[in-house]
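# Notes for the structure review
The lines below spell out each chain.
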Number of protein chains: 2
Amino acid sequence: MAGEHTLTETESAVAQKLDGLVLDFEAMAIASNLFRAANAVRNHMERTVLAPHDLTWTAFVVLWVTWIWEPVETRIIAAEGGFSKATLSGVLTTLETRGFVSRSKSQTDGRLVMVRLTPAGRRLMKKLFPKFNAEERYVVAHIDPKERVAAADMLRAICFAVKTS
Amino acid sequence: MAGEHTLTETESAVAQKLDGLVLDFEAMAIASNLFRAANAVRNHMERTVLAPHDLTWTAFVVLWVTWIWEPVETRIIAAEGGFSKATLSGVLTTLETRGFVSRSKSQTDGRLVMVRLTPAGRRLMKKLFPKFNAEERYVVAHIDPKERVAAADMLRAICFAVKTS
DNA sequence: AAGAGATCGTTCGGGTACGAACTATCTGCC
DNA sequence: GGCAGATAGTTCGTACCCGAACGATCTCTT
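Residues numbered from 1 in each chain as written. Chains lettered and ligands numbered in written order. Predicted model: local features only at pLDDT ≥ 70, side-chain atom pairs only at ≥ 80, totals over all residues.

### Digging into the overall build of chain A
Counting its secondary structure elements, chain A contains 7 helices and 3 strands. Ordered by position from N to C terminus, the α and β elements of chain A give α-α-α-β-α-α-β-β-α-α. Over its C-alpha trace chain A gives a radius of gyration of 20 Å, far above what one expects of a compact globule, namely 15 Å for 165 residues. Classification of the 165 residues of chain A by burial places 37% in the buried group. If you take every contact in chain A between residues at least 6 apart in sequence, the share linking residues at least 24 apart comes to 48%. (Helix = DSSP H or I, 4+ residues; strand = E, 2+ residues; numbered from the N terminus. Rg over C-alpha atoms; globule rule 2.2 N^0.38 Å. Buried ≥ 20, exposed ≤ 12 C-beta atoms within 10 Å, placed from the backbone. Contact = placed C-beta atoms within 7 Å.)

### Structural notes on the protein's contact with DNA strand D
Close contacts around DNA strand D come from 24 residues, with Arg75 of chain A together with Thr58, Phe83, Ala86 and Gly110 of chain B the closest. Going through the elements one at a time, helix H4 (74-81) and helix H5 (85-97) of chain A together with helix H3 (57-69) and helix H5 (85-97) of chain B are the ones with two or more residues in the surface near DNA strand D. When residues in the surface near DNA strand D are grouped by element, the largest group, 5 residues, is from H5 of chain B. Grouping the amino acids of the surface near DNA strand D by side-chain chemistry returns 8 nonpolar, 9 polar and 7 charged. (Near = placed C-beta within 6 Å. Nonpolar A, V, L, I, M, F, W, Y, C, P; charged D, E, K, R; others polar.)

### Describing the relation of the copies chain B and chain A
Least-squares fitting of chain B to chain A yields an RMSD of 0.2 Å, with the superposition described by an axial translation of 0.0 Å and a rotation of 180°. The symmetry that links the two subunits is that of a two-fold axis. Interface overlap between copies: 100% of the residues of chain B at the interface are likewise at the interface in chain A, consistent with a symmetric, same-surface contact. (Least-squares fit on C-alpha atoms with pLDDT ≥ 70 in both.)

### Quick look at the protein's contact with DNA strand C
Around DNA strand C there are 24 residues in total, and Thr56, Thr58, Ala86 and Gly110 of chain A together with Arg75 of chain B lie nearest to it. Secondary-structure elements contributing two or more residues to the surface near DNA strand C are helix H3 (57-69) and H5 of chain A together with helix H4 (74-81) and H5 of chain B. If you tally residues by element for the surface near DNA strand C, the top one is H5 of chain A, at 5 residues. In terms of residue class, the surface near DNA strand C is made up of 8 nonpolar, 9 polar and 7 charged.

### Structural notes on the nonpolar core
With 92 residues, the main nonpolar core has Leu34, Val41 and Ile158 of chain A together with Leu34, Val41 and Ile158 of chain B as its most contacted residues. Residue contacts for Leu34 of chain A: discarding those within four places in its chain leaves Ala37, Ala38, Val41 and Leu155 of chain B. (Core = buried A, V, L, I, M, F, W, Y, C linked by C-beta atoms within 7 Å.)

### Remarks on the interface of chain B and chain A
Listed by partner, the interface residues are 62 residues for chain B and 62 residues for chain A. Of all the secondary-structure elements, those providing two or more residues to the side of chain B that touches chain A are helix H1 (7-17), helix H2 (25-50), H3, H4, helix H6 (119-139) and helix H7 (148-163) of chain B. For the side of chain B that touches chain A, the residue count by class is 40 nonpolar, 10 polar and 12 charged.

### Some points on the sheet that holds strand S2 (residues 101-105) of chain B
Residue and element names in this part refer to chain B. Strand order in the open sheet formed by 3 strands is S1-S3-S2, with antiparallel pairing between adjacent strands. The sheet is open, and its two edges are formed by strand S1 (72-73) and S2, each paired on a single side. Relative to S2, H5 is tilted by about 115°, and along the sheet it contacts S2 and strand S3 (113-117). (Pairing = 2+ DSSP bridges. Axes fitted to C-alpha atoms, helices over the stretch in contact; angles between N-to-C directions.)

### A closer look at the confidence of the model for chain A
Per-residue confidence for chain A gives a mean pLDDT of 88; residues scoring 70 or more make up 94%. At the level of individual helices and strands, chain A shows its lowest average pLDDT in helix H1 (residues 7-17) of chain A, which scores 77, and its highest in strand S3 (residues 113-117) of chain A, which scores 97. (pLDDT = per-residue confidence, 0-100.)

### Concerning the sheet that holds S3 of chain A
Residues and elements named next belong to chain A. With antiparallel pairing, 3 strands are arranged side by side in an open sheet as S1-S3-S2. The outermost strands of the open sheet, each flanked by one partner alone, are strand S1 (72-73) and strand S2 (101-105). The pairing of S2 with S3 spans 5 bridges and is classified as antiparallel. Within the sheet, the bridge partner assigned to Lys105 lies in S3 and is Val113.

Structural data, given as structure tokens:
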């Protein structure tokens, strides 16, 4: 999606395949670039910050949400992180095995499982998050500072459009 | 990341955890929303357009790139789609088993594998892509038309920042 | 022409990723 | 109180997803 080939090349190639049909190339470009950007940032973070600690992107997100909101229910972590509870269950087991988080049943509601960081998990996040934020700053460096608020809003608008469907 | 909790709540919670450290909350918000948006769009597409045909997002991207550029080398598909050649190898096998693509060795370079759509694959894309583009249009509907070009540029700027690292 | 080094696709192992089915628990209504 | 329905988390099956290692092939240099 808009990788080696330029957008114009892609457009004319698509137009050939679907001549006669009306297509929204602008929407196509935004959706396409949205994924390239998200993927690129994720890979960048995994290579530069996460790989030295043998952490995946998802594992880091789980640690981050837990760190900020602990003790926290698993359904909250899944919602904040944007993945399913099935996925979270596996990642939590991985992180528990490695000694970064702990699970415990809620005292007030037997259905809930509360997640906390272990001391090792807190040490890890205290060390890792500043590095992570430094890379985030690097990633947005090429966006005009005046347009950064608009950028965040635009992305929120996309989330909103999809949620209310 | 910025799910149920507002951004301000998250910020003050993070600031408490790391008081004294200088953090770029704007960069954090953009990176965070970038992932929420990409994930939301992907899930939306999978539910509305792809699930009826039992296709995953990645499988669709592979079909799309192949459809536009066939015959095409696998390394091009991986680069255009933004995933590793290891991932592509598995997805291609799945699509080959289901009769949507075919692999064949290049005549001029024995290392290369050329990928083509089968007639069934072409029929599928001709039917599927207009639906897909309609959903893309829906996704960007909440972005001011005047800002859409800037939006695409902004996403490209992020890709560029990460690539040149 | 012959080896060193680069390139391409596959395979392997471990870790996500999701929907569906399942168990356990809670809540509401009678 | 007791049962229907909702809710939370795990498990299961299938399908990605990546880095590393691998064998096959090409290219470059001499």
